[in-house]
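Survey of secondary and tertiary structure
Spelled out, the chains give:
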Amino acid sequence: MNDELSPEDELRLNVLFNTELKAVRIDESNMTLWALTPQGEASVPLKPNERADRYLKRVREMLSGHALGSPGGYPVHLTRWTRQSQAGLSTQHLAQLLLIAEEEAVVAVVHSPALTDELARYAWWCMPTIENARLMLMRDVVCQGSMGRTLAEFLIEHLAFLHEDDVGILDTVAVMLYSGVLNDAERLAIWKRGSSRNSYYVAFLELQPDNLPGPRAARADHVDVPHLAGNPYSTMLDKALSGQGKPFLPRPPLISAGPEIRKVLTKPLKPM
């Protein structure tokens, strides 16, 4: 078994190491290494001198030795990390993990609370997946940065690919609403998808119950609701009969806000 890279690849990688690398990924199907630099993308076509999987392992060992100072390659303990244990990693360490062309290392960066907008951009270049987009949009620094809009547009485009994955739809819509980067037209378009699949509604009803898209006119008897401070029943009836209450409730309330209900609501509440 050959323990070294082909001379051509070793030379090309050493030349690449003399540039300012931001991220590295490997296209295994085409046996091509891609690197992101301040000047743009650079590619290194790999020329294996042994079985492809073994050769790629040696390429990643060389990348890890350069980025992490670990000549043994990708540290074994990284593969056993839980995805919630990245709190102690510095931004510098996260940046190094993006240089070893390991998907699990990219996922570790995405999960880290130390993620920055810049690192999110590099991680996205390495591994643009729905799960990574959702995770990164949960970070305020990403939502408010240049990547927020990019990730939201990706998720909007790929909502249709979730098909019957109700949990995936719910989670995706939730992070997009949380991010605050959707415009009114996008929110309305996503809301309308709920007419064919209810899971689209859930995040709206949970996160934005008083700001649902496509407001409707309030019921005629909404004006008769007495506004009583501290009365929970008055508050609930007011919301149910309002323009926002119509899309929130599957059917209009079977009660009216006429004189009889006014009498009930204006009675003093008995102490518990």
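This text goes with the structure placed above it.
So, a few notes on the structure that sits alongside this text. (Residues numbered from 1 in each chain as written. Predicted model: local features only at pLDDT ≥ 70, side-chain atom pairs only at ≥ 80, totals over all residues. Heavy atoms only, no water.)

Across its full length, the protein chain holds 14 helices and 3 strands. Of all 272 residues assigned to the protein chain, the portion counted as buried reaches 44%. Sequence separation of 24 or more characterises 59% of the internal contacts of the protein chain that already satisfy a separation of 6 or more. With an accessible surface of roughly 15,200 Å², the protein chain has 55% of that area assigned to carbon and sulfur atoms. (Helix = DSSP H or I, 4+ residues; strand = E, 2+ residues; numbered from the N terminus. Buried < 20%, exposed > 50% of the residue type's maximum accessible area, 1.4 Å probe, protein only. Contact = heavy atoms within 4.5 Å. Areas by Shrake-Rupley, 256 points an atom, 1.4 Å probe, with all protein chains shown as cover.)

Right, let's get into the sheet that holds strand β3 (residues 40–45). In space, the 3 strands of this open sheet follow the order β1-β2-β3, with antiparallel pairing throughout. In the strand order of this sheet, the two ends are held by β1 (23–27) and β3, each with one partner. Each strand of the sheet is rotated relative to its neighbour by a mean of 20°, with strand direction disregarded. Pairing analysis gives 6 bridges linking strand β2 (residues 32–37) to β3, with the strands arranged antiparallel. (Pairing = 2+ DSSP bridges. Axes fitted to C-alpha atoms, helices over the stretch in contact; angles between N-to-C directions.)

This part is about the packing of helix α8 (residues 147–158) against helix α9 (residues 166–179). The geometry of a pair of packed helices is captured by two quantities: the angle between their axes and the separation between those axes. It is the contact of α8 with α9, at a shortest axis distance of 10 Å, that shows an interaxial angle of 150°. Here α8 is positioned roughly antiparallel relative to α9, judged by the angle of their axes. Handedness of the crossing formed by α8 with α9: left-handed. For the pair formed by α8 and α9, the contact residues are Ala-152, Leu-155 and Ile-156 on the first element and Thr-172, Val-175 and Met-176 on the second. (Parallel < 35°, antiparallel > 145°, perpendicular 65-115°, else oblique. Left-handed = near helix turned anticlockwise from the far one by under 90°.)

Attention now moves to the side chain of Lys-22. Summarising the element assignment, Lys-22 is placed in the loop between α1 (7–17) and β1. Reaching out from Lys-22, the side chain makes a polar contact with the side chain of Glu-20 at a distance of 2.7 Å. Look past the residues within four positions of Lys-22 in its chain and what remains in contact with it is Leu-36, Thr-37, Pro-38, Leu-98, Leu-99, Glu-118 and Tyr-122. (Polar contact = N/O pair within 3.5 Å; in protein donor to acceptor, adjacent residues only side chain to side chain.)

What follows is about the packing of helix α10 (residues 184–192) against helix α11 (residues 199–207). Two numbers describe how α10 lies on α11: the axes approach to 8 Å, and their chain directions differ by 130°. With respect to α11, the axis of α10 lies oblique. Here α10 contributes Arg-187, Ile-190 and Trp-191 to the contact with α11, which in turn contributes Tyr-200, Tyr-201, Phe-204 and Leu-205. A breakdown of the residues in the contact of α10 with α11 according to their chemical character gives 6 nonpolar, no polar and 1 charged. (Nonpolar A, V, L, I, M, F, W, Y, C, P; charged D, E, K, R; others polar.)

Attention now moves to the pattern of salt bridges. Summed over all chains, the structure comprises 11 salt bridges. In this structure, Arg-149 and Glu-153 form a salt bridge, with 3.1 Å as the shortest nitrogen-oxygen distance. In this pair, Arg-149 and Glu-153 are both assigned in helix α8, 4 residues apart and thus about one turn of the helix distant. (Salt bridge = Lys/Arg side-chain N within 4 Å of Asp/Glu carboxyl O.)

Time to look at unusual backbone geometry. In this model, Met-31 sits at a positive phi of 50°, which is unusual for a non-glycine residue. With respect to the helices and strands, the residue Met-31 is situated in the loop between β1 and β2. Its relative accessible area of 14% is what places Met-31 among the buried residues.

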